[in-house]
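Summary of the model geometry
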Amino acid sequence: MLKQVLRLLMAALVVSIPYVAAAAERAARVVDPVKAWDNHFKTWAVVGVAVYLIVTVPLIYFVIKYRRKHKDENGAYIVGNTGLEILWTILPMITIIMLGVQSWAVFNDLREVPKDHVEVKAIGFMFGFEMYTPEGIMTLNEMRVPVGNVKVNLTSKDVIHNFALPTFRTREDMVPGENTYLWFAAKEPGEYPVYCAEFCGAGHSSMLAKVIVMKKDDYEAWVKSKKSESMTAATTPEGKGKELVERLGCLGCHGIAGEVKAGPAINGIMGKTEELEDGTKVVVDEAFIKEKIANPKAKPIKGFGHMMPPTMLANEEYEAITAYLKTTK
Ligand code: CUA
């Protein structure tokens with residue numbers, strides 16, 4: 001009996017050897033996390049459905065076949081069947097060991113970043129994503145990367161967000177005060193969606209972004225144009241204001257093309273009349289914008305709650321922002 005069990009245990013281990021070997025020889029093969037994840041999902045789905053049917057179909061059959069037909073009928077007294085007992089102990093054990101080892105191999109694929117990769121950064125905030133290229137270029141809700149493997153270092157400025165890339169079958173929490181990461185294989189140029197997959201407040205559903213995968217040449221050209229753009233932009237107040245509005249994360253909650261997010265849209269807002277929570281009307285001017293940024297809770301605008309965090313800036317920075325807002329329509 002014991003020998004039999006040991007022999008079956010050995011068989012289970014032998015069955016799982018290819019998976020262990022695959023994980024160990026990882027360096028030598030090209031890892032495709034998308035394929036690994038999809039295969040993983042299919043395996044679990046097939047095994048899950050099979051186990052369900054093996055249990056449920058006989059169950060229903062037996063319930064009907066051996067139901068009590070007369071009031072005084074007694075069931076047969078069955079003591080047990082050693083062969084069956086061993087079978088239904090060993091088979092699930094082999095299945096579970098296989099699934100366990102395979103899961104471990106897939107997990108390794110998803111966590112171990114291949115050596116050749118570019119490293120970028122994404123910071124979550126209420127409500128948006130700041131992305132940084134290896135060259136230090138900041139973009140809002142848009143991550144530009146060249147074709148290839150990408151490691152994304154993650155963190156958050158306020159609460160827990162989750163950086164989710166469904167196309168690349170990966171996601172990871174963005175935790176304030178902690179550094180986490182994920183990686184993905186960007187094979188084809190194109191645009192891929194990014195979602196926040198952790199409920200983080202009223203603007204959670206507007207935390208949408210995209211990964212833009214570019215051909216190497218296109219990416220380098222983009223980096224060049226971005227660098228010269230930021231050098232010229234910093235020389236005018238309007239350019240500086242635009243840069244501030246993007247860098248401070250204002251656009252996470254405020255639309256710049258008329259779209260209402262967690263806060264009102266800010267394009268063309270200068271000179272507009274807004275209604276405050278207490279019903280008074282105010283005309284948006286330089287002083288109002290300055291107060292709104294420094295002490296947003298003092299004059300909440302009707303219908304938008306009290307979510308905006310205060311931000312202290314230098315006087316010329318407030319002026320730069322209003323100068324920029326005047327240029328928007
Ligand atoms: Cu950030 Cu949900």
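Residues numbered from 1 in each chain as written. Predicted model: local features only at pLDDT ≥ 70, side-chain atom pairs only at ≥ 80, totals over all residues. Heavy atoms only, no water.

Under an unreviewed UniProt entry, the name given to the protein is Cytochrome c oxidase subunit 2, and the source organism is Candidatus Magnetominusculus xianensis. Under the UniProt heading Sequence similarities (unreviewed entry), the note attached to the protein is "Belongs to the cytochrome c oxidase subunit 2 family." According to its UniProt record, the protein has this under Function (unreviewed entry): "Subunits I and II form the functional core of the enzyme complex. Electrons originating in cytochrome c are transferred via heme a and Cu(A) to the binuclear center formed by heme a3 and Cu(B)." (UniProt positions renumbered as here; feature names shortened; annotations may be inferred.)

1. Observations regarding the overall build of the protein
Secondary structure summary: the protein contains seven helices and twelve strands in total. Relative to a compact globule of 329 residues, whose C-alpha radius of gyration would be 20 Å, the protein shows 29 Å and is clearly more extended. Split into buried and exposed, the 329 residues of the protein put 37% on the buried side. A sequence separation of at least 24 residues applies to 62% of the contacts in the protein between residues at least 6 apart. Looking at the protein, you have 39 positive and 38 negative side-chain charges, and the mean spots of the two groups are 7 Å apart. (Helix = DSSP H or I, 4+ residues; strand = E, 2+ residues; numbered from the N terminus. Rg over C-alpha atoms; globule rule 2.2 N^0.38 Å. Buried < 20%, exposed > 50% of the residue type's maximum accessible area, 1.4 Å probe, protein only. Contact = heavy atoms within 4.5 Å. Lys, Arg positive; Asp, Glu negative; His and termini not counted. Charge placed at Lys NZ, Arg CZ, Asp CG, Glu CD.)

2. Quick notes on the pairing of strand β6 (residues 161-165)
Among the five residues in β6, five count as buried, and that is most of the element. The alternating pattern of β6 places His 161, Phe 163 and Leu 165 on one face and Asn 162 and Ala 164 on the opposite face, and all of these are buried. As paired elements, β6 and strand β7 (residues 170-174) share five bridges and run antiparallel to each other. Following the sheet pairing, Ala 164 is matched in β7 by Arg 171. Where β6 folds back onto β7 in an antiparallel hairpin, the turn is made up of four residues, including Arg 169, whose phi is positive at roughly 55°. As paired strands, β6 and strand β9 (residues 190-196) are joined by two bridges and run antiparallel to one another. Opposite Phe 163, over in β9, you have Cys 196 as the bridge partner. (Pairing = 2+ DSSP bridges.)

3. Details of the sheet that holds strand β1 (residues 118-125)
Overall, mixed pairing links the five strands, which are arranged β3-β2-β1-β5-β8 in an open sheet. Looking along the sheet, the strands with just one partner apiece sit at the ends: β3 (138-140) and β8 (180-186). The sheet shows a mean angle of 25° between the axes of neighbouring strands, direction not considered. Bridge count for β1 against strand β5 (residues 148-156) is seven bridges, and the pairing is parallel. Across the sheet, the residue bridging to Gly 124 is Ser 156, located in β5. (Axes fitted to C-alpha atoms, helices over the stretch in contact; angles between N-to-C directions.)

4. Digging into the nonpolar core
Of all hydrophobic cores here, the largest spans 27 residues; its most connected members are Phe 129, Met 143, Val 152, Phe 163, Phe 184 and Val 211. Of all the elements in the fold, those that place two or more residues in this core are β1, β2 (128-132), β4 (142-146), β5, β6, β8, β9 and β10 (208-214). Discounting residues that sit within four places of it in the chain, Met 143 has contacts with Val 120, Lys 121, Ala 122, Met 131, Val 152, Phe 163, Lys 210, Val 211 and Ile 212. Counting 21 residues, the second largest nonpolar core, distinct from the first, contains Leu 251, Ile 269, Val 284 and Ile 293. (Core = buried A, V, L, I, M, F, W, Y, C linked by side-chain atoms within 4.5 Å.)

5. A short note on the side chain of Thr 180
Along the chain, the position of Thr 180 falls in strand β8. What makes Thr 180 buried here is its relative accessible area of 14%. A polar contact of 2.7 Å, which involves the side chain of Thr 180, links it to the backbone oxygen of Asp 173. Non-local contacts of Thr 180, meaning those with residues more than four positions away in its chain, are made with Val 152, Asn 153, Leu 154, Glu 172, Asp 173 and Met 174. (Polar contact = N/O pair within 3.5 Å; in protein donor to acceptor, adjacent residues only side chain to side chain.)

6. Some points on the sheet that holds β7
Taken in spatial order, the five strands make up an open sheet running β4-β10-β9-β6-β7, and their pairing is mixed. In the strand order of this sheet, the two ends are held by β4 and β7, each with one partner. Taking the axes of each pair of neighbouring strands and ignoring which way they run, one obtains an average angle of 25° across the sheet. Set on the sheet, helix α4 (residues 216-233) makes contact with β4 and β10; between it and β4 the angle comes to about 125°.

7. Describing the environment of Pro 300
Mapped onto the secondary structure, Pro 300 falls in the loop between α6 (286-294) and α7 (315-327). Exposure remark for Pro 300: the relative accessible area of 12% places this residue in the buried category. Separated by 263 residues in sequence, Pro 300 and Trp 37 have C-alpha atoms that sit 47 Å apart. In contact with Pro 300, other than residues within four places in its own chain, are Leu 276, Glu 277, Lys 292, Gly 305 and His 306.

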